[in-house]
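So you can see what is in the structure, the chains are spelled out below.
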Amino acid sequence: MNILYGVPGEGMGHATRSKVIIDFLLEQNHNVQVVSSSRAYQFLNKNFPKRVHEIEGMHFAFKDSKVSKTGTVLLNVKNASKLLFQNFTEYLQLKNNFKPDLVISDFETFTTLFAKKHDLPLLSIDNMQVINRCKLDIPIPSSEKNNYTISKSIVKVKVPNAQHYFISSFFEAQILKENTTIVPPIIREAIINAQPQGGNHILMYQSSSNINKVTEVLHQIPEYTFYVYGFNKELVNKNIIFKTFSEDGFVSDLASAKAVIANGGFSFISEAVYLKKPIYSFPLQDQFEQFVNASYIEKLGYGRHFEQLTADNLKAFLFDITKFSENLESYAQNENEVLFEGLKGVLQENL
């Protein structure tokens, strides 16, 4: 089967999990062509040469460590002509050189529109659809009501009328709409092969905070060593070791960490849960998906959900770290087999 696969360029989590699925599809002897943008395109093109087409994707603008709605709109309006021209060029190339039988979208717009234009079966594989297609069993405070409404509206129209929706999630949720399946998080091979250990360091992964603020907070917890990724620095500052990214080093540090500190990004939180690492989560403001992930971490007893990183919050988290570790022991998933079996079934229906 010829499959067109769409991966958004913002956030490397989409790219790393899509690589897992694309590898599986190729092993099943499907012919896969991929469209993506930005860092995700570079990553996927390196892993699947001659299979990946670069498009111009949407981008987020940040201000004061949070997404700027106005800035995001202005940035994408500014790039609109470039986006339309490059994407139309790729559209013509695909239309002339590749005849898909089916389209898979990981919350990506180009491939969704391609499927609709050519009346092709469309599958959705992402974590975002839980906001629209499931009941969220968490309190949503008044401060998040507007973000919830906006997020739900965006998710609803992003990949509409798919033949089937596979929702990747580390938590259970009541499904409200048909043709929907919740599957465990999609875990990359490096994490599956990692050997979890109970080390003495705490791993922090994030780049949205001010490095001076992070340093100020972590210095107030001198009894712990912190490995910090995301600032692209190699630096030792008292009990803080800043590291530049390497996959092997990062996975090793995650597998041996006592706990992790992060925003609310789905992929990293899912990997931490898979490796049974307690999580201190402080979501980016106005990112409702991150609010959901952090809220479920606290609801399940896997860690704590805080609005920001502070020394007092971190001390409170560390006080209960043994309890979080015990709760995580009950988490289990059979690698990616649930998704793979479900995907094989849907693809078989379309042969």
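Please refer to the structure higher up on the page.
Residues numbered from 1 in each chain as written. Predicted model: local features only at pLDDT ≥ 70, side-chain atom pairs only at ≥ 80, totals over all residues. Heavy atoms only, no water.

### With respect to the packing of aromatic side chains
The description of two aromatic rings rests on the distance between their centres and on the angle between their planes. Per the stated rule, a full pass over the model turns up 19 aromatic pairs. Aromatic pair Phe245 and Phe250: ring centres 5.5 Å apart, planes at 45°, arrangement tilted. Here Phe245 falls in the exposed class, since its relative accessible area comes to 53%. Using a relative accessible area of 3% as the deciding quantity, one classes Phe250 as buried. Joined through ring pairs, the aromatic side chains of Tyr205, Tyr229, Phe245, Phe250 and Phe268 make up one cluster. The ring of Tyr165 has Arg133 sitting right over it, with the charged end atom 3.7 Å from the ring centre. The aromatic ring of Tyr227 is capped on one face by Lys243, whose charged end is 4.2 Å from the ring centroid. (Phe/Tyr/Trp six-rings, centres within 6.5 Å; stacked < 30°, edge-to-face > 60°. Buried < 20%, exposed > 50% of the residue type's maximum accessible area, 1.4 Å probe, protein only. Lys NZ or Arg CZ within 6 Å of the ring centre and 35° of its normal.)

### Digging into helix α2 (residues 38-47)
All of the buried residues along α2 are Ala40, Tyr41 and Leu44. Buried positions in α2, seen along its axis, are confined to an arc of 100° and lie on one side of it. Projecting away from the buried face of α2 at angles above 90 degrees are the exposed residues Arg39, Gln42 and Lys46. Taken together, the buried residues of α2 touch α1 (12-27), β2 (31-36) and β3 (52-54). (Helix = DSSP H or I, 4+ residues; strand = E, 2+ residues; numbered from the N terminus. Arc of directions from axis to C-beta. Contact = heavy atoms within 4.5 Å.)

### Remarks on the sheet that holds strand β11 (residues 180-183)
Spatial strand order, β3-β2-β1-β6-β7-β9-β11: 7 strands in an open sheet with parallel pairing. Edge strands, defined here as strands with exactly one partner in the open sheet, are β3 and β11. Sheet twist, expressed as the mean angle between neighbouring strand axes with direction ignored, is 20°. As paired elements, strand β1 (residues 2-6) and strand β6 (residues 102-105) share 4 bridges and run parallel to each other. Residue pairing across strands places Gly6 opposite Ser105, the latter belonging to β6. Sitting on the sheet, α1 is in contact with β1, β2, β6 and β7 (122-126), with an inclination near 175° to β1. (Pairing = 2+ DSSP bridges. Axes fitted to C-alpha atoms, helices over the stretch in contact; angles between N-to-C directions.)

### Some words on the nonpolar core
Grouped together as the largest cluster of nonpolar side chains are 42 residues, with contacts concentrated most on Val130, Phe170, Leu203, Leu254 and Val273. Elements supplying a minimum of two residues to this core: α6 (130-133), α10 (247-255), β16 (259-262), α11 (266-274) and α12 (288-299). Of the residues forming this core, the biggest block, 6 residues, is contributed by α11. If we ignore the near neighbours within four places in the chain, the residues touching Leu203 are Tyr227, Tyr229, Phe250, Asp253, Leu254, Ala257, Ala259, Val260, Ile261 and Phe268. Core analysis: the next-biggest nonpolar cluster, separate from the first, contains 29 residues, Ala15, Val20, Val183 and Ile186 among them. (Core = buried A, V, L, I, M, F, W, Y, C linked by side-chain atoms within 4.5 Å.)

### Some points on the sheet that holds strand β15 (residues 240-243)
Taken in spatial order, the 7 strands of this open sheet run β14-β15-β13-β12-β16-β17-β18, and their pairing is mixed. For this open sheet the edge positions go to β14 (235-237) and β18 (303-305), each flanked by a neighbour on one side alone. Recorded for the sheet is a direction-independent mean angle of 15° between the axes of neighbouring strands. As paired elements, strand β17 (residues 279-281) and β18 share 3 bridges and run parallel to each other. Its bridge partner lying in β18, Ser281 is registered against His305. Of the strands in this sheet, β12 (201-205), β13 (225-229), β15 and β16 touch α10, which is tilted by about 130° from β12.

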